[in-house]
Structure formats: structure tokens, C-alpha cells
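So you can see what is in the structure, the chains are spelled out below.
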Amino acid sequence: MPNVPAASALPRRDQIRREAARLFAARGFLGVGVDEIGKAVGISGPGLYRHFAGKDAMLADLLIGISERLLEEGRRRAGGGDGPAAALDALISGHVDFALNDRDLITLHDRELLNLKEEDRRTVRRLQRGYVELWVDIVRQAHPSLAAPAAEPTARAAVHAVFGLINSTPHSLGPNPAHGERTGLQRDGMAALLHTLAHGAFAAAAVSAATGVSPATGVAAADGSGVTGPESGSA
């Protein structure tokens, strides 16, 4: 995308958010100056300070904002009232939409979370934990074999695995010539694939918990429970 302001119906603050996310994702938070963001939206660098206190505030606004949106939308989808299976399907669809529509924000989250101030980073982590717990609860309701206390670590690990799968789309969806990407699956094809794979991952976790056997290897867990250890990271 050329670094030239274009006509936009977005409010100025939202224009700044969009261009800051694009530039931070392309070149890194530390590699982008306030003047560049201002140029991208057609105002002077100092003019940005009427909307944000600085780059740190922009990054916090982006990462806290998307974490709040995910949790709020997740709660809305989970409370749809059509049962846990429908709620899980809606959660998957919502996260897939996020991954395909907000690729720059996924990149920022993966790479720039440590550049947040400590207080902002704690806020993002708190919101993320709420989002993870929402998913774990719905997954365990939708797959009864994961509802037992001993199966909770398997359900949790499956949720994190599905997040990793879906969030990988910035590295696999194409084409995005501005980022030098090769042609890949287009949006609808990628959305359908991610949706199917996510459901498959949860179904495999449920089979593992129910039988004590890994669907991939056919090997029983050492304790016969099929329950994996706690996840190694967070969403």
C-alpha cells in the first residue's frame, strides 16, 4: 500500500489505528516513527497527539481494543441460546473472521506484546484469560468426554492449539502483494478450511479423553487417561 493518504469514511482516530497497525505489523513497533503514521493518514506527526499520547498509547489501544472485542464478541456468540455445539461453532466462526480480517493485529500480538507498558500488558493478559476460559467452558460442554475434571487439561490444550492454528493465517493466507506474499488460498477457502480443522481438533481431543488413545498415533497415554499436561502458553 503506498504511503499516501486516501479518502476514507473512517473517523480520524480509526484511520490512525488502521495505519498504525499496518505499519507496526510490516516494520515493527520500534521501526516506525510518529511522522510516518501521520503521513499515512494525511496529517502531521505532531497532529497525532490530538488523538493519542504517543506510539505507546497507539499500541496499547490496538492490543487492548482487540482483546476487549474478542471477549465481548465471544460472550455474545456463546450466549446465543442454541446449545453448546452451536455456541462452539459460533466461537470458531468469530475467531476465524478475526484472523482473516485483522491479520495485522495478530502479527502485532505475536511480536509486540512485550513492547507494551507493564500495566497495559497485564490488562491484555487478563482479557485473554477471560477469552480462553470462555472457550474452555464451551468446548467441555460441547464434548461431554472433556467435561470430567481429569480431562480439563486436554480441553485447555486443545483450545490453545486451535488458537495457534487459526492465528497462523497471517503467514499462510494470500495474496497480499504489499507484503510480498505468494498466491495462496483466498478468504472463503481459508475460512472453510480453518473452520473444519478447528472442529476436527476438538473432536480429536474428545476422542483422546474418552479412550485414552491419541487419534493420531493410536498410542495410549502412559496413565491410560488420555489427558495431556497443561498448556505451555497463553492465547
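Residues numbered from 1 in each chain as written. Predicted model: local features only at pLDDT ≥ 70, side-chain atom pairs only at ≥ 80, totals over all residues. Heavy atoms only, no water.

By the naming in an unreviewed UniProt entry, the chain is TetR family transcriptional regulator, taken from Kitasatospora aureofaciens.

Some words on the pattern of salt bridges
So the rule is basically this: Basic side-chain nitrogens of Lys or Arg form a salt bridge, by our definition, when they fall within 4 Å of a carboxyl oxygen of Asp or Glu. Buried, partly exposed and exposed residues are distinguished by accessible area as a fraction of the type maximum, computed with a 1.4 Å probe on protein chains only: under 20%, between the cut-offs, and over 50%, respectively.
For the structure shown, the criterion picks out 15 salt bridges. Among the salt bridges present, the one from R18 reaches E19, with a minimum N-O distance of 3.3 Å. Using a relative accessible area of 41% as the deciding quantity, one classes R18 as partly exposed. For E19, a relative accessible area of 4% puts it in the buried group. The residue E118 makes a salt bridge to R121 at a minimum N-O spacing of 2.4 Å.

Brief notes about the packing of aromatic side chains
Under the convention used in this document: Each Phe, Tyr or Trp ring (for Trp, its six-membered ring) is paired with any other whose centre lies within 6.5 Å, and the angle between the two planes then decides the class: stacked below 30 degrees, edge-to-face above 60, tilted in between. The numbering of helices and of strands both runs from the N terminus, where a helix is a DSSP run of H or I of at least 4 residues and a strand a run of E of at least 2. For a ring to carry a charge above it, either NZ of a lysine or CZ of an arginine must fall within 6 Å of the ring centroid while also lying within 35 degrees of the normal to the ring plane.
This model, assessed by the stated rule, comprises five aromatic pairs. Consider the rings of W135 and F202, whose centres lie 6.3 Å apart with planes at 40 degrees: the pair is tilted. Within this pair, whereas W135 is found in helix α6 (residues 118–142), its partner F202 is found in helix α8 (residues 187–211), the two being separated by 67 residues in sequence. You'll find W135 and F202 in the same group, each marked buried. Here a set of aromatic residues connected by ring pairs shows up, and it is made of Y131, W135, F163 and F202. In this structure, K55 is placed above the aromatic ring of F29, and the distance from its NZ or CZ to the ring centre is 4.4 Å.

Some words on helix α7 (residues 152–167)
Heads up, the rule is: Any helix carries an expected span of 1.5 Å times its number of residues minus one. Residue contacts follow a heavy-atom distance rule, with two residues in contact if any of their heavy atoms lie within 4.5 Å.
The end-to-end C-alpha separation of α7 is 23 Å, in line with the 22 Å expected for 16 residues at 1.5 Å each. Taking burial as the measure, the 16 residues of α7 include 12 buried ones, the bulk of the element. Listed in full, the buried residues belonging to α7 are E152, P153, T154, A155, R156, A158, V159, H160, V162, F163, I166 and N167. Check the buried side of α7 and you find it contacts α4 (84–101), α5 (103–112), α6 and α8.

Notes on a nonpolar patch on the surface
To keep things clear, this is the line we draw: Patches in this entry comprise residues that are over 30% relatively accessible and not in a salt bridge; like charges within 9 Å are linked, as are nonpolar side chains (Val, Leu, Ile, Met, Phe, Trp, Tyr) within 5 Å. Per-residue and other accessible areas follow the Shrake-Rupley method at a 1.4 Å probe size, with only the shown protein chains counted as cover for residues.
Nonpolar side chains collect at one region of the surface, where L185, L193 and L197 lie side by side and expose about 240 Å² of accessible area between them. Inspection of the secondary structure puts L193 in helix α8. Classification of L193 by relative accessible area gives partly exposed; the value is 38%.

Considerations on the environment of I106
Tracing the sequence through the fold places I106 in helix α5. For I106, a relative accessible area of 3% corresponds to the buried category. Once the C-alpha coordinates of I106 and A21 are considered, the two residues, 85 residues apart in sequence, prove to be 9.8 Å apart.

Structural notes on the side chain of E112
Here is the rule: Between N or O atoms, a polar contact is any pair within 3.5 Å; within protein, one atom must be a potential hydrogen donor and the other a potential acceptor, and residues adjacent in sequence are included only when both atoms are from side chains.
Of note, E112 is situated in helix α5. Among the polar contacts made by the side chain of E112, one reaches the side chain of R111 at a distance of 3.4 Å. A polar contact is formed between the side chain of E112 and the side chain of N115, at a distance of 2.5 Å. Discounting residues that sit within four places of it in the chain, E112 has contacts with F24, G28, F29, L59 and L63.

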